[in-house]
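Chains, contacts and geometry: an overview
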Amino acid sequence: MIRSTSARTSKTTLYSIAVLYLVIIVLIFIFARQFLSDVSSGSSFSNIMIIFSAVVLPAFLIGSIILNFLRLRREKRSGSPGVFFKTKLVLFFSFIAMISAVPQGILSVSFLRTAMESWFSSSMGVALHGGLDIALEYYNEKLKNLEEFGESRVLKNLISTRSGSSGLFWDTIQEVNPLIDSLQLYDSSGREIAFLGEPRARLETTPSFETRPGMLPKQDYRDMSLLRYLSYVDTDEGRLAVLIGSILPGNFEAQARGLTESIELFTQYQELQNRFYIALIIVFAFFSVPLLLLAIIVSFMLSDEVIKPIVSLEEATRKVAEGDFTIRIFSRRRGELSVLIDSFNTMVSELERSRFKIMQTEKVTAWQEIAQQMAHEIKNPLTPIKLSAQRIIKKYQSGSEDFERILTQAVESIIREVDNLDQLLKEFRDFSRQPTPMPEKIDINSLLVEVLATYATTAPFVQVDTSGLQDDLILDVDKKQMTRVFSNLIKNAFEAQENGGTISLRTNLVRKGNNRYCRIQIQDTGKGIVKENHDKVFNPYFTTKMTGTGLGLPIVERIIFDHQGEIWFETEEGVGTTFFIDLPMGNPA
Amino acid sequence: MMVHPLTRTPRRAGGVLLFSWIFFFFFPAFHYASELNIQLETEKDHIRVSILLPPESRPDILTSFNNGLRSGIRFEIRLYRVATGFRSFFGDQLLREEHIVKEGHVDSFSRAYRITTDSKIQDYHNFRQFQEVFYHLADLSIPFIPSSADGAYYILCRVVVEKMKLVPPLNLLSPFMKTNRIATPWVRLDLSEERAGKEG
């Protein structure tokens, strides 16, 4: 059973990404707030946050990406399944993240630029400065009015000559100067002798007579600001302190401050706008880079998630191709891939059933063929045995003079045929009871050369070429069985060289998918195999030789099959035949 | 009892130094190679700190004022306890951190140099007077009750001046305007000697 995806891994990955994303967002939020308030006034805690988000986090993310890239490179070198698909997915996801971030950044900066240029247009500057001028003019007008009226003879005359009710006196003052909101009089002892006008403008404390005449500091209250002017008037009552006041509207101070700050912002913007946009791009990139890096990490994780079922499928398909029909893929996921996996599992089940039926059928067919061949092979010697026996009886009954000679010949013939039958049955037993291979480390070249030597002496007219044998090919094989394979093939090769020629042995390494094989070639320059016999070469009891049993090559094929290998041949009439054997080298590279 | 700065380079507080180094690497500022005038007074349950940026270290802020802009100054004080044993690996323990911020500008209406702090506004018609107040942090009281008799404590102080106080969102430029922001090095004052002197 192969697991296409581990549910626990997927969830862990998902949670990790979510937590990392939240951490980045929180850090960016803290960092952005710090920037927007005042980046230079951070507390030590804020500094730690800044350092973390500016240095540690990107370093961590970059480190993770480097590790993932190294892992990908290692997988690529080892030829892991799905690695090219994974590389493409990573590049694709990263590219998508990048191309989506760039227009977003451009759009944000452009929007901000357009908005700020609109907010801080030159007409806005004129309006702001105009507003400040008007406010200053209004303020100065109030000051000037207070100063001039406070020192005017009119006020002093009015105070010196005041009589009657205070209401009438205040009406007179208002008629002369309607901008005055209050008037307070103190005698030389500091006692308040009169207060006229707006009660809110009343000064509760007594001004010192040592204070020089002039403007008093502006006083700000919650709902108003108050300007006061202090002067002195000599009257019959003595020296009087006169305090006249003028009220500024309650929102004047706040509005004036707001206006000043707006002008300050406008001035700074005019001076720094170019640098501001560059800084904006840098800051945007600074905030975007961690997210972009996170996107790349996510692309690695997603790629892993996507290719896992594909890799499982690939692995399962390979195992099915190798003949393992028990393989199934387990997947907890739902979706198109799970449908594909279900279909695959169903297909393998069907294949297993079909294969079982085919094997059953083939087995029956094979036994039928073998039975027919056996019957044929057994019948062949029975005829000469029967003829010999009949001949003995006939000669004996007729009292033939050469009965003794005929008897000897006939019995020898019967013994020969019985020997043939015995040999036939022995090989059949070997074929049907092929023992399980007992692998051991064998230098395949040495074994080939050793077998070759035993036959080379019997046919000195045949040339032998072993220059194509590659050194250091150690295989786990059953030495006895492999000796039989090589003996059969080399013997056949020598027998095919009736008129001399060359037998060449070659070995080399080949790769099939992820597996390495040792390829052995045994080539002769004999007459080749006729085309109509190509399909029968490995059939039991098929032989073109007078003395052959027809079980040599089927036994060779069986041994190679038991070693998870493969055997085939290439032949051309009049040119020669080459047998190829691929034997697995063990662990994949 | 008054204590004057003995050293400019902290011997401990490696963490602070590291953070400062990285911070300044990313947010560079011009350092004036001068010392702060610091007065430190320890009482029973608090310490009193006064800091003055000497005249030779003061930047030209009049240009900002003439352009209708404001300047800012920040006094930073950190109180540490010296870590011992295993804890020293993580640096000294920050017990308290104080940031006092002042802003200065010329007020068009009062035609005076104005200093704004969190709670109050002060106007000065004389630039020299303004400077004396602006660059001076007077008698900042920091609660301080040592948790153990044998503990070693110290404070770190520095002053950061922004010639042109950037207003949001233009303060985004702060890290990129090296010459606008000046910061004195951290000055370390050990409290152990001071306490020992008092107890003696």
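Residues numbered from 1 in each chain as written. Chains lettered and ligands numbered in written order. Predicted model: local features only at pLDDT ≥ 70, side-chain atom pairs only at ≥ 80, totals over all residues. Heavy atoms only, no water.

**Observations regarding the overall build of chain B**
Counting secondary structure elements, chain B contains four helices and eleven strands. Here chain B holds 200 residues, and the buried ones make up 50% of them. Of all intrachain contacts in chain B linking residues separated by at least 6 positions in sequence, the fraction that spans at least 24 positions is 71%. Element-wise, carbon and sulfur atoms account for 54% of the exposed surface of chain B, whose accessible area totals about 9,700 Å². (Helix = DSSP H or I, 4+ residues; strand = E, 2+ residues; numbered from the N terminus. Buried < 20%, exposed > 50% of the residue type's maximum accessible area, 1.4 Å probe, protein only. Contact = heavy atoms within 4.5 Å. Areas by Shrake-Rupley, 256 points an atom, 1.4 Å probe, with all protein chains shown as cover.)

**Quick notes on the pairing of strand E6 (residues 112-116) of chain B**
All names here are of chain B. In terms of residue burial, E6 counts as a mostly covered element, since four of its five residues are buried. Sheet analysis places strand E5 (residues 93-107) next to E6, joined by five bridges and oriented antiparallel. In the strand pairing of E6, glutamate 103 is matched with threonine 116. With antiparallel pairing between neighbouring strands as the criterion, E5 and E6 make up a hairpin whose turn holds four residues, including arginine 111 at a positive phi of roughly 55°. (Pairing = 2+ DSSP bridges.)

**Things to note about the packing of helix H11 (residues 479-496) of chain A against helix H12 (residues 552-562) of chain A**
All names here are of chain A. One way to put it is that H11 packs onto H12 with a least axis distance of 9 Å and a crossing angle of 140°. Relative to H12, the element H11 lies oblique. When the axes of H11 and H12 are compared, the crossing they make is left-handed. Packed against H11, whose contacting residues are Gln481, Met482, Arg484, Val485, Asn488, Leu489 and Asn492, the element H12 presents Gly552, Leu553, Ile555, Val556, Ile559 and Ile560 at the interface. (Axes fitted to C-alpha atoms, helices over the stretch in contact; angles between N-to-C directions. Parallel < 35°, antiparallel > 145°, perpendicular 65-115°, else oblique. Left-handed = near helix turned anticlockwise from the far one by under 90°.)

**Side note on helix H9 (residues 403-432) of chain A**
In this model H9(A) runs 43 Å from its N-terminal to its C-terminal C-alpha over 30 residues, within 8% of the 44 Å that 1.5 Å per residue would give. Restricting attention to buried positions, one finds in H9(A) the residues A:Ile406, A:Ala410, A:Ser413, A:Glu417, A:Leu421, A:Leu424, A:Glu427, A:Phe428 and A:Phe431. (Expected span 1.5 Å × (residues − 1).)

**Overview of the nonpolar core**
Residue and element names in this part refer to chain A. Grouped together as the largest cluster of nonpolar side chains are 69 residues, with contacts concentrated most on Leu183 and Ile244. The biggest single contributor to this core is helix H7 (residues 252-321), with 20 residues. Both domain 1 (2-119 + 272-321) and domain 2 (144-255) contribute no fewer than three residues apiece to this core. Those residues within four positions of isoleucine 244 in sequence are excluded, and the remaining contacts are Leu146, Phe149, Gly150, Leu155, Ile180, Ser182, Leu183, Leu227, Arg228 and Tyr229. Counting residues in hydrophobic clusters, the runner-up holds 46 residues, among them Leu448, Ala459, Leu469 and Ile520. (Core = buried A, V, L, I, M, F, W, Y, C linked by side-chain atoms within 4.5 Å. Domains from an automatic or database assignment.)

**A look at a negative patch on the surface**
A cluster of acidic side chains, namely A:Asp133, A:Glu137, A:Glu141, A:Glu147 and A:Glu148, defines a negative patch on the protein surface. Structurally, the position occupied by A:Glu147 is in helix H4 (residues 122-150). (Patch = residues over 30% accessible without salt bridge, like charges linked within 9 Å, V, L, I, M, F, W, Y side chains within 5 Å. Salt bridge = Lys/Arg side-chain N within 4 Å of Asp/Glu carboxyl O. Lys, Arg positive; Asp, Glu negative; His and termini not counted. Charge placed at Lys NZ, Arg CZ, Asp CG, Glu CD.)

**Thoughts on the sheet that holds strand E11 (residues 501-512) of chain A**
Residue and element names in this part refer to chain A. An order of E9-E11-E12-E14-E13 is seen for the five strands of this open sheet, with the pairing classed as mixed. Edge positions in the sheet fall to strand E9 (462-468) and strand E13 (566-572), since each of these pairs with one other strand and no more. Averaged over all pairs of adjacent strands, the angle between their axes in this sheet comes to 20°, without regard to strand direction. Bridge analysis of E11 against strand E12 (residues 515-524) gives nine bridges, and the strand direction is antiparallel. Each bridged residue has a counterpart across the sheet, and for valine 510 the counterpart in E12 is tyrosine 517. Against the sheet, H11 makes contact with E9, E11, E12, E13 and strand E14 (576-584), and its axis sits at roughly 30° relative to E12, the strand it touches most.

**Things to note about the confidence of the model for chain A**
Residues of chain A with pLDDT of at least 70 account for 92%, and the chain-wide mean is 83. Here strand E1 (residues 2-3) of chain A stands out as the element of chain A with the lowest mean pLDDT, 56, in contrast to E14(A), whose mean of 93 is the highest. (pLDDT = per-residue confidence, 0-100.)

**Describing the sheet that holds strand E3 (residues 46-52) of chain B**
Neighbouring strands of a sheet are bound in pairs by backbone hydrogen bonds; such pairs are parallel or else antiparallel. Residues and elements named next belong to chain B. Pairing is antiparallel across the open sheet formed by three strands, whose spatial order is E2-E3-E8. Since the sheet does not close on itself, it has two edges, and those belong to strand E2 (37-42) and strand E8 (136-143), each with one partner. Between one strand axis and the next, the sheet turns through 15° on average, direction left out of account. Here six bridges tie E3 to E8, and the two strands are oriented antiparallel to one another. In the sheet register, isoleucine 51 faces E8, and the bridge partner there is leucine 137.

**A few points about the pairing of E12(A)**
Residue and element names in this part refer to chain A. Most of E12 is tucked away, with seven of its ten residues classed as buried. Linking E11 to E12, which pair antiparallel, is a turn of two residues; within it glycine 513 sits at a positive phi near 65°. With eight bridges connecting them, E12 and E14 associate as antiparallel partners. Paired with isoleucine 522 across the two strands is phenylalanine 579, which belongs to E14.

**A short note on the pattern of salt bridges**
As a working rule, side chains carrying opposite charge can pair if their charged atoms are close by. Counting across every chain of the model gives 31 salt bridges over all chains. When the shortest N-O distance is used, the salt bridge between A:Asp402 and A:Arg405 registers 2.8 Å. For A:Asp402, a relative accessible area of 26% translates into the label partly exposed. Assessed through its relative accessible area of 45%, A:Arg405 is described here as partly exposed. B:Asp107 is paired through a salt bridge with B:Arg114; the nearest N and O atoms lie 3.4 Å apart. As far as burial versus exposure is concerned, B:Asp107 and B:Arg114 are alike and both buried.

**Some remarks on the packing of aromatic side chains**
Residue and element names in this part refer to chain B. Per the counting criterion, the structure on display carries 26 aromatic pairs over all chains. With centroids separated by 6.5 Å and ring planes inclined at 85°, the aromatic side chains of phenylalanine 65 and phenylalanine 127 adopt a geometry described as edge-to-face. Placement of phenylalanine 65 in helix H2 (residues 62-66) and of phenylalanine 127 in helix H3 (residues 127-134) is noted, with a sequence separation of 62 residues between them. Of the two residues, phenylalanine 65 and phenylalanine 127, neither departs from the other in class, the shared state being buried. Grouped by ring-pair contacts, the aromatic residues Phe65, Tyr113, Phe127, Phe130, Phe134 and Tyr135 constitute a single cluster. Arginine 188 extends its terminal NZ or CZ atom over the ring of tyrosine 154, reaching a point 3.7 Å from the ring centre. (Phe/Tyr/Trp six-rings, centres within 6.5 Å; stacked < 30°, edge-to-face > 60°. Lys NZ or Arg CZ within 6 Å of the ring centre and 35° of its normal.)

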